[in-house]
Amino acid sequence: MAAPEIPKEQWAQVVEAKGGPVVYKKIPVQTPGPDEVLVNVKYSGVCHTDLHAMMGDWPIAPKLPLVGGHEGAGVVVAKGSLVDDVQIGDHVGIKWLNGSCLACSFCMQADEPLCSHALLSGYTVDGSFQQYAIAKAAHVARIPKDVDLEAVSPVLCAGITVYKGLKESGARPGQWVAIVGAGGGLGSMAVQYAKAMGLHVIGIDSGEEKGESVKSLGATAYVDFTTSKDLVAEVKAATPDGLGPHAVLLLAVSEKPFQQATEYVRSRGTVICIGLPANAYLKAPVFDTVLRMITIKGSYVGNRQDTQEALDFFSRGLVKVPYKTVGLSKLQEVYDLMHQGKIVGRYVVDTSK
Ligand code: NAD
Ligand code: ZN
Ligand code: ZN
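These numbers were taken from a predicted model, which means no experiment stands behind them.

1. What about the packing of helix 4 (residues 158-169) against helix 10 (residues 304-315)?
No. 1: Helix 10 packs onto helix 4 with a crossing angle of 105° between their chain directions and a minimal axis gap of 9 Å. In terms of their interaxial angle, helix 4 and helix 10 are classed as roughly perpendicular. For the pair formed by helix 4 and helix 10, the contact residues are Gly159, Ile160, Tyr163 and Lys164 on the first element and Asp306, Thr307, Glu309, Ala310, Phe313 and Phe314 on the second.
No. 2: Across the contact of helix 4 with helix 10, the residue classes break down as 5 nonpolar, 2 polar and 3 charged.

2. Observations concerning the packing of helix 1 (residues 48-55) against helix 11 (residues 331-339)
No. 1: Running from N to C, helix 1 and helix 11 cross one another at 95°; their axes reach a closest spacing of 10 Å. Classed by the angle they form, the pair helix 1 and helix 11 counts as roughly perpendicular. Residue-level contacts link His48, Leu51 and Met54 of helix 1 to Tyr335, Met338 and His339 of helix 11.
No. 2: Here the residues of the contact of helix 1 with helix 11 sort into 4 nonpolar, 2 polar and no charged.

3. Remarks on the nonpolar core
No. 1: Ile179, Ala190, Leu249 and Leu250 are the most contacted members of the largest nonpolar core, which has 103 residues in total.
No. 2: Ignoring any residue separated from it by four or fewer positions in sequence, one finds leucine 250 in contact with Val180, Pro257, Phe258, Ala261, Val271, Ile272, Cys273, Ile274 and Gly275.

4. Observations concerning the domain arrangement of the chain
Buried accessible area, meaning the area lost when the parts come together, often serves as the stated size of an interface.
No. 1: As assigned here, the chain comprises domain 1 (9-157 + 302-350) and domain 2 (159-298).
No. 2: One C-alpha centre belongs to domain 1, the other to domain 2, and the line joining them spans 26 Å.
No. 3: Listed by partner, the interface residues are 25 residues for domain 1 and 19 residues for domain 2.
No. 4: Take the side of domain 1 that touches domain 2: its biggest share by element is 6 residues, from helix 10.
No. 5: Looking at the side of domain 1 that touches domain 2, its residues break down into 15 nonpolar, 5 polar and 5 charged.

5. Quick word on the site of ligand 1
No. 1: Around ligand 1 sit 32 residues in total, of which His48, Gly181, Gly184, Leu186 and Ala252 are the nearest.
No. 2: Looking at the shell around ligand 1, the elements that each hand over two or more residues are helix 1, helix 5 (185-196), strand 11 (200-205) and helix 8 (256-264).
No. 3: Tallied by class, the residues present in the shell around ligand 1 amount to 16 nonpolar, 14 polar and 2 charged.
No. 4: When residues of the shell around ligand 1 are assigned to domains, at least three map to each of domain 1 (9-157 + 302-350) and domain 2 (159-298).

6. Observations regarding unusual backbone geometry
No. 1: Cis peptide bonds are those with omega within 30 degrees of zero, and the linkage from glycine 20 to proline 21 qualifies with 5°.
No. 2: One can find proline 21 in the loop between strand 1 (9-15) and strand 2 (22-28).
No. 3: For the bond from leucine 64 to proline 65, the omega torsion is -10°, close enough to zero to count as cis.
No. 4: Note on placement: proline 65 falls in the loop between helix 1 and strand 4 (72-79).
No. 5: Although it is not a glycine, alanine 110 sits at a positive phi angle of roughly 65°.
No. 6: Within the secondary structure layout, alanine 110 lies in the loop between helix 2 (105-108) and strand 7 (119-120).
No. 7: We note that valine 301 has phi near 35°; this positive angle belongs to a residue other than glycine.
No. 8: Mapped onto the fold, valine 301 is located in the loop between strand 15 (295-298) and helix 10.

7. Side note on helix 1
No. 1: All buried positions along helix 1 are accounted for by His48, Thr49, Asp50, Ala53 and Met54.
No. 2: Contacts from the buried residues of helix 1 go to strand 1, strand 2, strand 3 (36-46), helix 5 and helix 11.
No. 3: One or two positions beyond helix 1, positive phi appears at glycine 56, with a value near 65°.

8. Comments concerning the UniProt feature "domain: Enoyl reductase (ER)" (unreviewed entry) in the chain
No. 1: Here the UniProt-annotated "domain: Enoyl reductase (ER)" (unreviewed entry) positions come out as residues 19-349.
No. 2: Each end of residues 19-349 is marked by a C-alpha atom, and these two atoms are 20 Å apart; helix forms 28% of the span and strand 24%.

Reading the values: the criteria
Residues numbered from 1 in each chain as written. Chains lettered and ligands numbered in written order. Predicted model: local features only at pLDDT ≥ 70, side-chain atom pairs only at ≥ 80, totals over all residues. Axes fitted to C-alpha atoms, helices over the stretch in contact; angles between N-to-C directions. Helix = DSSP H or I, 4+ residues; strand = E, 2+ residues; numbered from the N terminus. Parallel < 35°, antiparallel > 145°, perpendicular 65-115°, else oblique. Contact = placed C-beta atoms within 7 Å. Nonpolar A, V, L, I, M, F, W, Y, C, P; charged D, E, K, R; others polar. Core = buried A, V, L, I, M, F, W, Y, C linked by C-beta atoms within 7 Å. Buried ≥ 20, exposed ≤ 12 C-beta atoms within 10 Å, placed from the backbone. Domains from an automatic or database assignment. Near = placed C-beta within 6 Å. UniProt positions renumbered as here; feature names shortened; annotations may be inferred.

Okay, structure coming up:
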């Protein structure tokens, strides 16, 4: 196969200052290092993390200027001299974990997201809101060639993250899980992964449109947190014995549900924290946590194996992301809608427009 032609310049969305906006401009195409690949990104999902990065919401500052994006699906167009298990022409995904050392005690036990040398796409290194992005070959997601790159892109963060969170919850088929933020990007995928894993789902979010979507994706019950008079009672009542869900996945970009979840989770249940609202704290009554034997855990993206498993659910047609596609040039408009909590499912950007 003839080597693909790689331009010297490309279109990208660049965060030039904390708080944004993103600037759509031409920037140089980089050359991959010995253990890296250059990916012609075709589509990239837009995660709320990208907005947190631009707004400087978190305790660790991102690089500046920054090209965000970490749900990039595309085609390998160049590779470094040490790369032999990824070929030019392969379809791959650029995910949040761009690279890790592969040698520390966390990497050795497949906990590479915990590696202190981890490189993060769209945060500590430039990500997928550009036409040509670089990633460590060891970490790119391997996407089968018959999989639609546009539809699969949100799996690369949202899918992997919620799939891992559900595994961390220990919930078993036949049990109940509450998905908080069920109408958003992670939430829409979580409802479907949970269903595919044999769980019953209670979706929590706001508005009728999100409610309809969440139910159509497979949730048994939907609770609107903006209109519910007693959210805790309603969530518990949605389970057949009234004792509450066995697990809770917290995906909301707001602190309040992090304080509420231990009130409605079933005794011996598990609360999984995934959403990362700015300056938020967890609070739970010690007495209840002890006497009801509640587990509270964090869950952070997934490792390479979780990635391939999450993609396998997609390949088998078990999860379908509700998404809308716009040109990369419209990224700021997506952020504006996201900030207002108006997005049902995910937005995907097409890097050719
Ligand atoms: P999103 O904006 O698409 O969805 C968030 C949803 O939460 C929205 O539908 C919103 O209406 C809903 N919500 C807000 N307040 C709520 C409340 N009180 N109760 C119930 N729902 C509420 O965002 P997203 O892209 O799905 O990301 C969600 C969060 O997950 C972000 O903070 C993101 O940074 C974080 N995240 C974490 C990881 C990880 O590895 N832990 C990975 C990816 C994203
Ligand atoms: Zn993400
Ligand atoms: Zn490491």
